[in-house]
Amino acid sequence: MWERYVAALPANVWNWVAVWRRNYLVWRKLALASILGNLAEPMSSLFGLGFGLGVMVGGVDGTSYIAFLAAGMVATSAMIAATFETIYATFARMHALRTWEAMLCTQLTLGDIILGELAWAATKSILAGTAIAIIAAMLGYAAWSSVLYALPVIALTGLAFASLAMVVTALAPSYHYFVFYQTLIVTPMLYLGGAVFPVSQLPGAFQQVAAFLPLTHSVDLIRPAMLGRPADSVGVHITALCIYAISPFFLSAALFRRRLMR
Amino acid sequence: MSRVHIDFAGVTKSYKDRIIVGGLSFTVGPGECFGLLGPNGAGKSTITRMVLGMIPPDAGKITVLGVPVPARARLARARIGVVPQFDNLDLELTVRENLLAFGRYFSMSTREVEAVIPSLLQFARLENKADARVAELSGGMKRRLTLARSLINDPQLLVMDEPTTGLDPHARHLIWERLRSLLARGKTIILTTHFMEEAERLCDRLCVIEAGRKIAEGCPRALIDEQIGCQVIEIYGGNPHELGALIRPYVQRIEVSGETLFCYAPDPEQVLVQLRGRTGLRLLQRPPNLEDVFLRLTGREMKD
Ligand SMILES: Nc1ncnc2c1ncn2[C@@H]1O[C@H](COP(=O)(O)OP(=O)(O)OP(=O)(O)O)[C@@H](O)[C@H]1O
Ligand SMILES: [Mg+2]
């Protein structure tokens, strides 16, 4: 059993690139629509909430509300982009499109394929997250150099959420089940993770929950970077995000093996 | 290189309590074309997927190209080409892009793949479709592309699950001709099929499977001689049961498949004499073929 699990893990450190490149090749054909689609939602939240609420809220933590929200939206859009890519597009490639089946006929292992998909989902997070960060910088809500600092965190956020969603993808019998993940996990995280208002506004018990959420760690790294402030406990946040990226990966490899190779 | 390319020894697989493959043993030698025949659900696809290491057996040993499967299936798959039962091409990509992406799965560089694409396109007669989206291709073209794709890593062994199902006769003949040229180049092929003509033309040896068990094995000619060994008369247009009773004393065996009566007759003249004067019957006398073997082995014999 153990031996078979090991055989399903990545065969080497470069095999996943072929999977990433396949997804890139397909995406390139619909790039414009995809980018606009990924941007539309966070942008409308940013401007809708930012200007609308901003007037009532005034300032938060010593900055304008829209600048505060922009950093939250960068993390959120990375979360959403990676999650949706994984639960919808990856699920389709694994299931209906039989793309994985074709890949499994080659020298790729299941682990190579999962890794390629995670890297691809993280790439889409980078596109979505940096786009918001760039717009925030253009409007003067963040320093240009902060976009550069935020970039690795956006990528790590994408990996962590793709990895979590990969477990859900491995378990879901069909598309219908993803709604539960969205409404019970992803959407609450948006409000609990400090993206739209500070975690300190939450009741005590929720603050404790928030401390464990991946989005909280991501926001706590991205917001200081974008507001040009020193960040606290950088090591803790990065470690937490790494754990969220790595452990679900190994779990999903085991789950996919049980699902696809039995 | 090991002497056998595929070795199944006592391989068993069940899902829940249902046995899908039961104690199956066979070998396929280098350069051989080995056919798996059997009715729908017999377990043919399961067996081909076991060759690739995608389904672990519950018991028994599988060795492919000298390596144990599924334990080291990746090594074997690097030298195998696969034509799956259902096409899994990338519909959004062009023909060329499909080959490019697939070659990369084998760790080939873009340049290496581009170097082999022209010959693969030529092999599949898809030269002037190179830049067409796969979604726009006909079923036969898709199948040919799948065949070309399976050759991208210059495999020694080809695993083909129903390579010609759903194709028109032209397309099928073209694929047969291509497969023969691959055999001439020394490739080993294991294929499943529902076309008895295909098995008879291409396979050196074949194995008939029913409910996951081997019920016959041998070269097509020998199986035909051994299982049938006499002329066949097909009769349609009458009541099969009534006709069966009439000619039973003059034939070796009778089988009913649908509305057709198959008589296996060492002395066909005698049968024809019995049927003389009956109107509305259509008779066909012919030498035995693999379809007769298949129907005999997997069909229901009329037992009255
Ligand atoms: N994952 C699975 N779980 C349960 N049963 C399965 C599974 N995969 C296959 N089977 C069953 O195993 C049997 C053999 O299936 P298989 O696809 O190998 O048949 P086949 O000979 O290829 O049939 P066909 O000619 O229709 O392609 C079928 O009855 C099928 O329902
Ligand atoms: Mg099948």
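Only a predicted model underlies this, so the values are computations on that prediction, with no experimental measurement involved.

This next bit is on the overall build of chain B. A tally of regular secondary structure across chain B gives 11 helices and 14 strands. C-alpha extents for chain B along the principal axes are approximately 70 × 45 × 35 Å. Residues counted as buried form 54% of the 304 residues belonging to chain B. Considering only residue pairs separated by 6 or more positions, chain B has 69% of its internal contacts joining residues 24 or more positions apart. Put simply, chain B shows about 13100 Å² of open surface, and 49% of that area lies on carbon and sulfur atoms. If the 40 positive side-chain charges of chain B are averaged to one point and the 36 negative ones to another, these points end up 5 Å apart.

Along chain A, the regular secondary structure elements total 11 helices and 2 strands. Reading chain A from its N terminus to its C terminus gives the helix and strand order α-α-α-β-β-α-α-α-α-α-α-α-α. At 19 Å, chain A has a C-alpha radius of gyration in line with the 18 Å of a compact globule built from 262 residues. The C-alpha extent of chain A, read off along each of the three principal axes, is 60 × 40 × 35 Å. Residue burial in chain A is summarised as follows: out of 262 residues, 55% are buried. Counted over contacts in chain A with a minimum sequence separation of 6, partners at least 24 positions apart contribute 78%. In the form shown here, chain A has an accessible surface area of approximately 11300 Å², with 71% of it arising from carbon and sulfur atoms.

Let's shift gears to the sheet that holds strand β1 (residues 6-15) of chain B. All names here are of chain B. Ordered in space as β2-β1-β4-β5, the 4 strands form an open sheet in which the pairing is antiparallel. With one partner strand each, in any of the chains shown, β2 (18-28) and β5 (67-69) form the two edges of the open sheet. The mean inter-strand angle of the sheet, taken between neighbouring strand axes irrespective of direction, is 30°. Packing against the sheet, helix α1 (residues 44-51) makes contact with β1, β2, β4 (59-64) and β5, and its axis sits at approximately 120° to β1.

With that settled, consider the UniProt feature "domain: ABC transporter" (unreviewed entry) in chain B. Mapped onto this numbering, the UniProt entry annotates "domain: ABC transporter" (unreviewed entry) at residues 6-236 of chain B. Each end of residues 6-236 of chain B is marked by a C-alpha atom, and these two atoms are 42 Å apart; helix forms 35% of the span and strand 29%.

Right, let's talk about the coordination of the magnesium ion (ligand 2) for a bit. The magnesium ion (ligand 2) binds to the protein through Ser45 of chain B (OG) and Gln85 of chain B (OE1); the donor distances cover 1.9 to 2.2 Å. On the criterion of sequence distance, the pair formed by Ser45 of chain B in helix α1 and Gln85 of chain B in the loop between β6 (80-83) and α3 (95-105) is long-range, its members being 40 residues apart.

Let's shift gears to the packing of helix α7 (residues 144-171) of chain A against helix α10 (residues 214-227) of chain A. Residue and element names in this part refer to chain A. Interaxial distance between α7 and α10 falls to 9 Å at its minimum, and their mutual angle equals 170°. Viewed along their axes, α7 and α10 adopt a mutual orientation that is roughly antiparallel. From α7, Ser146, Tyr149, Ala150, Val153, Ile154, Thr157, Phe161 and Leu164 reach across to α10, where they touch Pro214, Leu215, Ser218, Leu221, Ile222, Ala225 and Met226. Class assignment of the residues belonging to the contact of α7 with α10 gives a composition of 12 nonpolar, 3 polar and no charged.

Residues and elements named next belong to chain B. Two strands pair when backbone bridges link them, and strand β9 (residues 205-210) and strand β10 (residues 213-218) are joined in this way by 5 bridges, in the antiparallel orientation. Each residue of the ladder has a partner; that of Val208, found in β10, is Ala216. Adjacent in sequence and paired antiparallel, β9 and β10 are bridged by 2 residues, among which Ala211 carries a positive phi angle near 45°.

A separate point is the UniProt feature "domain: ABC transmembrane type-2" (unreviewed entry) in chain A. With numbering matched to this structure, UniProt assigns "domain: ABC transmembrane type-2" (unreviewed entry) to residues 33-259 of chain A. Helix and strand shares over residues 33-259 of chain A are 79% and 2% respectively, and the end C-alpha atoms of the span are 33 Å apart.

UniProt feature "transmembrane region" (unreviewed entry): in the numbering of this structure it lies at residues 30-53, 65-88, 126-144, 150-171, 178-197 and 234-256 of chain A. With 100% helix and 0% strand, the stretch residues 65-88 of chain A has end C-alpha atoms that lie 33 Å from each other.

Further remarks concern the packing of aromatic side chains. Under the defined criterion, the tally for this structure stands at 19 aromatic pairs over all chains. An aromatic cluster is present here, built from Phe84, Tyr88, Phe91, Tyr175 and Phe178 of chain A joined pairwise through their rings. Geometry around Phe102 of chain B places Arg149 of chain B over its ring, the cationic atom sitting 4.2 Å from the centre. Looking at Arg253 of chain B, its charged tip hangs above the ring of Tyr264 of chain B, at a distance of 4.4 Å from the centre.

Turning our attention to α1 of chain B. All names here are of chain B. With 6 of 8 residues buried, α1 lies mostly within the body of the structure. For α1, the set of buried residues is Lys44, Thr46, Ile47, Thr48, Met50 and Val51. Just downstream of α1 lies Gly53, where phi reads positive at about 80°.

Residues and elements named next belong to chain B. Reading across the sheet, the 4 strands line up as β12-β13-β11-β14 and stay open at both edges, with antiparallel pairing between neighbours. The sheet is open, and its two edges are formed by β12 (253-257) and β14 (282-286), each paired on a single side. On average, each strand axis in the sheet is tilted by 20° relative to the strand beside it, whichever way the strands run. For β12 and strand β13 (residues 260-265), the ladder comprises 5 bridges, and the chain directions are antiparallel. Across the sheet, the residue bridging to Arg253 is Tyr264, located in β13.

Our focus in this paragraph is the site of ligand 1. As a matter of local geometry, ligand 1 sits amid 15 residues, with Arg18, Gly41, Lys44, Ser45 and Thr46 of chain B nearest to it. Chains contributing residues near ligand 1 are chains A and B. Between Arg18 of chain B and ligand 1, the recorded distance is 2.5 Å, taken from a side-chain N or O atom to an oxygen atom. Within the side chain of Ser45 of chain B, one N or O atom sits 2.7 Å away from an oxygen atom of ligand 1. In isolation ligand 1 exposes 640 Å². Once the protein is present, 68% of that is buried. Considering every element that reaches the shell around ligand 1, the biggest residue donor is α1 of chain B, with 3 residues. Along the lines of polarity and charge, the residues of the shell around ligand 1 split into 4 nonpolar, 7 polar and 4 charged.

About the criteria used
Residues numbered from 1 in each chain as written. Chains lettered and ligands numbered in written order. Predicted model: local features only at pLDDT ≥ 70, side-chain atom pairs only at ≥ 80, totals over all residues. Heavy atoms only, no water. Helix = DSSP H or I, 4+ residues; strand = E, 2+ residues; numbered from the N terminus. Buried < 20%, exposed > 50% of the residue type's maximum accessible area, 1.4 Å probe, protein only. Contact = heavy atoms within 4.5 Å. Areas by Shrake-Rupley, 256 points an atom, 1.4 Å probe, with all protein chains shown as cover. Lys, Arg positive; Asp, Glu negative; His and termini not counted. Charge placed at Lys NZ, Arg CZ, Asp CG, Glu CD. Rg over C-alpha atoms; globule rule 2.2 N^0.38 Å. Pairing = 2+ DSSP bridges. Axes fitted to C-alpha atoms, helices over the stretch in contact; angles between N-to-C directions. UniProt positions renumbered as here; feature names shortened; annotations may be inferred. Donors = N, O, S within 2.8 Å, 3.2 Å for Na, K, Ca; no water. Parallel < 35°, antiparallel > 145°, perpendicular 65-115°, else oblique. Nonpolar A, V, L, I, M, F, W, Y, C, P; charged D, E, K, R; others polar. Phe/Tyr/Trp six-rings, centres within 6.5 Å; stacked < 30°, edge-to-face > 60°. Lys NZ or Arg CZ within 6 Å of the ring centre and 35° of its normal. Near = heavy atom within 4 Å. Polar contact = N/O pair within 3.5 Å; in protein donor to acceptor, adjacent residues only side chain to side chain.

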